[in-house]
Amino acid sequence: MNILVVDDHGIVRQGCAELLSQHFRQAEIVEVDSGEAACQACRKQHFDLVVVDYCLPGISGIETCRRLLQHDESLRILFFSMFREAGVVRQAISVGALGYVCKSSSSSLLVDAARSVMLGRPFVEHELSINLVFRGTNLNASLYDVMTPREFEVLVMIAAGKRVQDVAASLSLSSKTISNYVTAIKSKLGVRTDAELVHKAIELGVIRIAAALPA
């Protein structure tokens, strides 16, 4: 049994790895601090579970999940993140992750989630699943819903102050492609200018997510 833990915060990553090693004694735990390193590790060996953070330096957790599943669609991925927003959880699940747990949750919940996801069973923390169901009719949730996972990811990075060229480099896409995403995002959110886009990002709570992105 092999488990990969992906988090750029050493204390969090090591703590997660130690917890999992106590409950899955047969497992080999591998730690990496970026999405790029996770992709490299998965090319070298098979993992029964990947525990990944949303905010990572370089490519994000969302892009990491997407690339890992392109390489191996049977891979089982669990997000372990600080964010509780229904839109973030929805985006993580929509790119193929089987589970989502917050870093503020109990250690036992993380273990339960890991065990469930490794068995191929979806696991979303109870409070978050309630948010997904009962907050789906409010303005913010409906706006999250009209964006694709890629558009949402681009919005977060733009809201963090990253230039189109920087976003393109992080996602291994062309600047023109990112510009097209930005145009589509503006259209879906009903804004025309970059300034209006930032104001809308603040309204949606995206700025808080963006502020947590590594510089």
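In this report, we go over the structure that sits alongside the text. All values reported here derive from a predicted model rather than from experimental measurement.

**Describing the packing of aromatic side chains**
Centre distance and the angle of the planes are the two values used to describe a pair of aromatic rings. Scanning all chains against the criterion turns up two aromatic pairs. Ring centres of Tyr54 and Phe83 lie 5.6 Å apart, and the angle between their planes is 85°; on these two criteria the pair is classed as edge-to-face. With Tyr54 in the loop between β3 (49-52) and α3 (61-71) and Phe83 in the loop between β4 (77-81) and α4 (86-94), this pair connects stretches of sequence that are 29 residues apart. Accessibility classification places Tyr54 together with Phe83 in one group, the buried group. Judged by centre distance (6.2 Å) and plane angle (15°), the ring pair of Phe79 and Tyr100 falls under stacked. You can see Phe79 sitting in strand β4 and its partner Tyr100 sitting in strand β5 (residues 99-102), a full 21 residues away along the chain. There is no split in this pair, since Phe79 and Tyr100 are both buried.

**Description of the pairing of strand β2 (residues 28-32)**
Pairing geometry for strand β1 (residues 2-6) and β2, over five bridges, is parallel. Note that in β2 the partner of Val5 across the bridge is Glu31. For the crossover from β1 across helix α1 (residues 10-23) to β2, the handedness is right-handed.

**Things to note about the packing of helix α8 (residues 149-159) against helix α9 (residues 164-171)**
Running from N to C, α8 and α9 cross one another at 130°; their axes reach a closest spacing of 10 Å. With respect to their mutual orientation, α8 and α9 come out oblique. As for the relative orientation of α8 and α9, their crossing is right-handed in sense. Along the contact surface, α8 presents Arg150, Glu153, Val154, Met157 and Ile158, while α9 presents Val164, Val167, Ser170 and Leu171.

**Considering the sheet that holds β2**
The sheet built from six strands is open, its strands ordered β2-β1-β3-β4-β5-β6 with parallel pairing. Because the sheet does not close on itself, it has two edges, and the strands there are β2 and β6 (123-124). Here four bridges tie β4 to β5, and the two strands are oriented parallel to one another. The partner of Ser81 across the bridge, within β5, is Cys102. Against the sheet, helix α2 (residues 35-44) makes contact with β1, β2 and β3, and its axis sits at roughly 165° relative to β1, the strand it touches most. Most of the contacts of helix α5 (residues 107-118) go to β4, to which it runs at about 160°, and overall it touches β1, β3, β4, β5 and β6.

About the criteria used
- The numbering scheme is per chain: residues are counted from 1 as the chain's sequence reads.
- Per-residue local features of the predicted model are confined to residues with pLDDT of at least 70, and side-chain atom pairs are confined, for both listing and counting, to 80 or more; whole-chain, interface and lining totals are unaffected and use all residues.
- Side-chain measures here rest on the full set of heavy atoms in the structure, leaving out hydrogens and waters.
- Note on ring pairs: Phe, Tyr and Trp rings are taken, using the six-membered ring of Trp, and paired if centres are within 6.5 Å. Classes follow the plane angle, with under 30 degrees stacked, over 60 edge-to-face and the rest tilted.
- Numbering of helices and strands starts at the N terminus; helices are DSSP runs of H or I of at least 4 residues and strands are runs of E of at least 2.
- For every residue, the accessible area obtained with a 1.4 Å probe (protein chains only) is divided by the maximum for its type, and the residue is called buried under 20%, exposed over 50%, and partly exposed between those limits.
- Strands pair, by our definition, only if DSSP identifies at least two bridges between them.
- By convention, a crossover is right-handed whenever its connection, traced from the first strand over the helix to the second and viewed with the strands pointing away, goes clockwise.
- Lines are fitted to the C-alpha atoms to define the axes, a helix being fitted only along its stretch in contact, and any angle between axes, read from their N-to-C directions, falls within 0 to 180 degrees.
- We call two directions roughly parallel when the angle between them is under 35 degrees, roughly antiparallel when it is over 145, roughly perpendicular when it lies between 65 and 115, and oblique otherwise.
- Note: crossing handedness is left-handed where the near helix turns anticlockwise from the far helix by less than a right angle, and right-handed where it turns clockwise.
- By definition, residues are in contact when any of their heavy atoms lie within 4.5 Å.

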